[in-house]
Number of protein chains: 2
Amino acid sequence: MPNPPPRPGRQARAAAPSEPGGAAASIAAVAALAGVSTATVSRVLNQSKPVNAETRGRVEAAVAQLGYRANPFARSLISGASQLILVVVPDMANPFFAEIVQGIESVMRRHGYNIVLSVASGNGPLDPVYDRLTDGVISLAHAHSQRSGADGTARRDVPWVACSEFMTGADMPYVSIDHAQAAMDAVQYLLNRGHRRIALITAEEDYAWAQQRRLGYETALQRAGLPVLPAYVRVARGTDYGDGSDVAGGLLTLPEPPTAVFAVADTLAIGAIKAFRRAGRRVPDDIAVVGFDNVPLAQVFEPGLTTIAQPMRELGAASAELLLAQLTGEQPPSRVLPHALVVRDSG
Amino acid sequence: MPNPPPRPGRQARAAAPSEPGGAAASIAAVAALAGVSTATVSRVLNQSKPVNAETRGRVEAAVAQLGYRANPFARSLISGASQLILVVVPDMANPFFAEIVQGIESVMRRHGYNIVLSVASGNGPLDPVYDRLTDGVISLAHAHSQRSGADGTARRDVPWVACSEFMTGADMPYVSIDHAQAAMDAVQYLLNRGHRRIALITAEEDYAWAQQRRLGYETALQRAGLPVLPAYVRVARGTDYGDGSDVAGGLLTLPEPPTAVFAVADTLAIGAIKAFRRAGRRVPDDIAVVGFDNVPLAQVFEPGLTTIAQPMRELGAASAELLLAQLTGEQPPSRVLPHALVVRDSG
DNA sequence: CTGAAAGCGCTTACAG
DNA sequence: CTGAAAGCGCTTACAG
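Let us look at the structure shown here. Quick caveat, the model's predicted, so the values are computed rather than measured.

### Thoughts on helix H7 (residues 179–192) of chain A
All names here are of chain A.
(1) Moving on: Look at H7: 20 Å from first C-alpha to last across 14 residues, which is about the 20 Å you get at 1.5 Å a residue.
(2) Moving on: Three or more residues of H7 are buried, namely His 179, Ala 182, Ala 183, Met 184, Ala 186, Val 187, Tyr 189, Leu 190 and Leu 191.
(3) Moving on: Two or three places before Ala 180, at the opening of H7, Asp 178 has a side-chain oxygen 3.3 Å from that residue's backbone nitrogen.
(4) Moving on: At the C-terminal side of H7, Gly 194 shows a positive phi close to 100°.

Right, here's the structure in full:
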């Protein structure tokens, strides 16, 4: 293992001016003011043992007077827990991830945890998990990256839940919808509407959910006795609007252009619609588009986006609950949440 | 001050199974394996003092063999710094905030800091600042809430930067565009296009930026010799699409409806456009709409949104740099970043 | 260049 | 109910 880099902040901080308003009070100061031992102060603060009412009163008064708060690092050093959990997202710009993070945040906060956010753009040496900073992890990043650290070595065994992005049989608890089934539902809907030439706009295949949704797309076509045409499958670079536009254009110049497209993210779907319109096509008349996620924008955009709704907040909340259960020593089962097809105007 | 609540996680964590794969190695284990003192191990890890090359080699080998990483809490207890900074956002769902967070994250990560995310929905007792968990704060929350804790008491004096949301003369460093000027530019543009009946859709006034933008709106009208009509000013509840739709409808039923509206957020502008269309109005022909922020969606939405572009990533990055400077004891000046009017199709 | 020891700020058996 | 003391895992003067 390479030498861990020095922590640049240490020296920096040492050079900072000493705390304005005086150094923060220590538990010793509170004890002195209240005329008790630090053990007693600790007991009233944590309600860990009965303390004489009168004594408690003096301690509380001292705490209030000094504005004392326990040093979280000393506590964590002893307890081995930080009340911090790591949330790894591939990209904050996608509203899908933002919604999930909000779901996680609200239940974690209720349980006294703070969340550390890591944008897994794979650009830094920082690895809070490896550093044992956080008590657990909820990851939305590529499943295949979830078990190795920044340096490629295997991670320590940390309480972990995969959210939305998971691999079956990886014995890692997850919370997700059934991506393959949801994709089948989307394509089946298009089939029911009479479409026979249905294209797929998908994302990089290192996302397991991209593979799973692609599988659903293929399965639906095959069951309908339709071929899976390579020319009809386009892989977008990311999930930005522009990524969707970039790959959509090519579909139109095919000898037999599709009459419908299923995009694995609303952002891709919207980007595709933009591209189709720029090319003079009408949606859904010339080409129907179905998205995935049901981000808030899906109903605001025009035409309203027909899409697979994922219960985003619930995915986040359930992930948090699963992690919390692990933190208390349980081995809770993974959860598959329901999805739903929302029909609007785009397809 | 009220008694701090007990930390629920402690007991929970205590009940958890002991670390699978064995407890994490301590520095003592490394020292024993390498046949040196813990002081020496510490020195090679931190490169804080010269260490004999041969000795260093043994230590590094031991570190590698044990997969050792320093316990961050022990370090923080000594240094008084956590390499953690708090980012307070009102709402992750708004892409504006998401972009800024990404800007902050990228520079902070490069400097070895992790970010703790707090969604200031004002719903929890958690207060990492007050708890001295983080080394500093970047806040996008209401300026008037930035200086008091969850319990209403004044916060400790912590390195702090206000991002986008700030109050002049509050002697708190900030990074922002000039909201009033930007709003004036937007309204002036509408004036130049011949509009005389220009409405404002703004956000709750506890945002200083909402007040500042409103001021810009009023100033532009007054300079043009136009009255500021209360009926033309609508305050949205939040900044969701729906909030924009909710207040936009009322504008249409006025005896003299506006011919243009300036909304203080792209999300509000898009919500308003939705409402106008549902009422049968064409944008921009019947009513022009100018937004604010230039979120990615602004160019994807149809009609393309004319809006004030804020340099979102840069706002985040500059905030991070300002905080970093404070952390090294500097007193860097606030920064006002440039904005720009982006003309598209909505107005 | 290296080590023994103190100390960061807490919590928790152990006594009483 | 309360206190003295050990200890969590590190870093850093202080000696050598």
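### Things to note about the environment of Ala 275 of chain B
All names here are of chain B.
(1) Moving on: Topologically, Ala 275 is positioned in helix H10 (residues 266–278).
(2) Moving on: With a relative accessible area of 10%, Ala 275 lands in the buried category.
(3) Moving on: Measuring from C-alpha to C-alpha, the distance between Ala 275 and Asp 246 comes to 7.7 Å, with 29 residues separating the pair along the chain.

### Re helix H8 (residues 208–223) of chain A
Residue and element names in this part refer to chain A.
(1) Moving on: With 16 residues, H8 extends 22 Å from end C-alpha to end C-alpha; this agrees with the ideal 22 Å at 1.5 Å per step.
(2) Moving on: Restricting attention to buried positions, one finds in H8 the residues Ala 208, Trp 209, Ala 210, Gln 212, Arg 213, Gly 216, Tyr 217, Thr 219, Ala 220 and Leu 221.
(3) Moving on: Elements that come into contact with the buried residues of H8 comprise H7, strand E6 (198–202), strand E7 (233–235) and strand E9 (288–293).
(4) Moving on: Gly 225 sits one or two residues past H8 and shows a positive phi near 75°.

### A few points about the packing of helix H3 (residues 38–46) of chain A against helix H4 (residues 53–66) of chain A
Helix packing for two helices is described by the angle between their axes and how far apart those axes are.
Residues and elements named next belong to chain A.
(1) Moving on: Relative orientation of the contacting elements H3 and H4 amounts to 85°, with a least axis distance of 10 Å. In this view, H3 runs roughly perpendicular relative to H4, as classed from their interaxial angle. Contacts between H3 and H4 involve Thr 40, Val 41, Val 44 and Leu 45 on the former and, on the latter, Thr 55, Arg 56, Val 59, Glu 60 and Val 63.
(2) Moving on: Considering only residue class, the contact of H3 with H4 consists of five nonpolar, two polar and two charged.

### A closer look at a nonpolar patch on the surface
(1) Moving on: Residues Leu 77 and Ile 78 of chain A together with Leu 77 and Ile 78 of chain B make up a contiguous nonpolar surface patch of about 420 Å² in total accessible area.
(2) Moving on: Elements with a contribution of two residues or more to the nonpolar patch: helix H5 (72–79) of chain A together with helix H5 (72–79) of chain B.

### Looking at unusual backbone geometry
(1) Moving on: Residue Pro 284 of chain A is bonded to the preceding Val 283 of chain A through a cis peptide linkage, with omega at 10°.
(2) Moving on: Along the chain, Pro 284 of chain A turns up in the loop between helix H10 (266–278) and E9.
(3) Moving on: A cis amide bond links Glu 302 of chain B to the next residue, Pro 303 of chain B, at an omega of 5°.
(4) Moving on: Residue position: Pro 303 of chain B is located in the loop between helix H11 (297–300) and strand E10 (306–309).
(5) Moving on: The phi dihedral of Asn 294 of chain A is positive, around 60°, even though this residue is not glycine.
(6) Moving on: Following the sequence through the fold, Asn 294 of chain A ends up in the loop between E9 and helix H11 (297–300).
(7) Moving on: Even without being a glycine, Gln 47 of chain B presents a positive backbone phi close to 50°.
(8) Moving on: Mapping Gln 47 of chain B onto the fold places it in the loop between helix H3 (38–46) and helix H4 (53–66).

The rules behind each value
Residues numbered from 1 in each chain as written. Chains lettered and ligands numbered in written order. Predicted model: local features only at pLDDT ≥ 70, side-chain atom pairs only at ≥ 80, totals over all residues. Heavy atoms only, no water. Helix = DSSP H or I, 4+ residues; strand = E, 2+ residues; numbered from the N terminus. Expected span 1.5 Å × (residues − 1). Buried < 20%, exposed > 50% of the residue type's maximum accessible area, 1.4 Å probe, protein only. Polar contact = N/O pair within 3.5 Å; in protein donor to acceptor, adjacent residues only side chain to side chain. Contact = heavy atoms within 4.5 Å. Axes fitted to C-alpha atoms, helices over the stretch in contact; angles between N-to-C directions. Parallel < 35°, antiparallel > 145°, perpendicular 65-115°, else oblique. Nonpolar A, V, L, I, M, F, W, Y, C, P; charged D, E, K, R; others polar. Patch = residues over 30% accessible without salt bridge, like charges linked within 9 Å, V, L, I, M, F, W, Y side chains within 5 Å. Areas by Shrake-Rupley, 256 points an atom, 1.4 Å probe, with all protein chains shown as cover. Salt bridge = Lys/Arg side-chain N within 4 Å of Asp/Glu carboxyl O.

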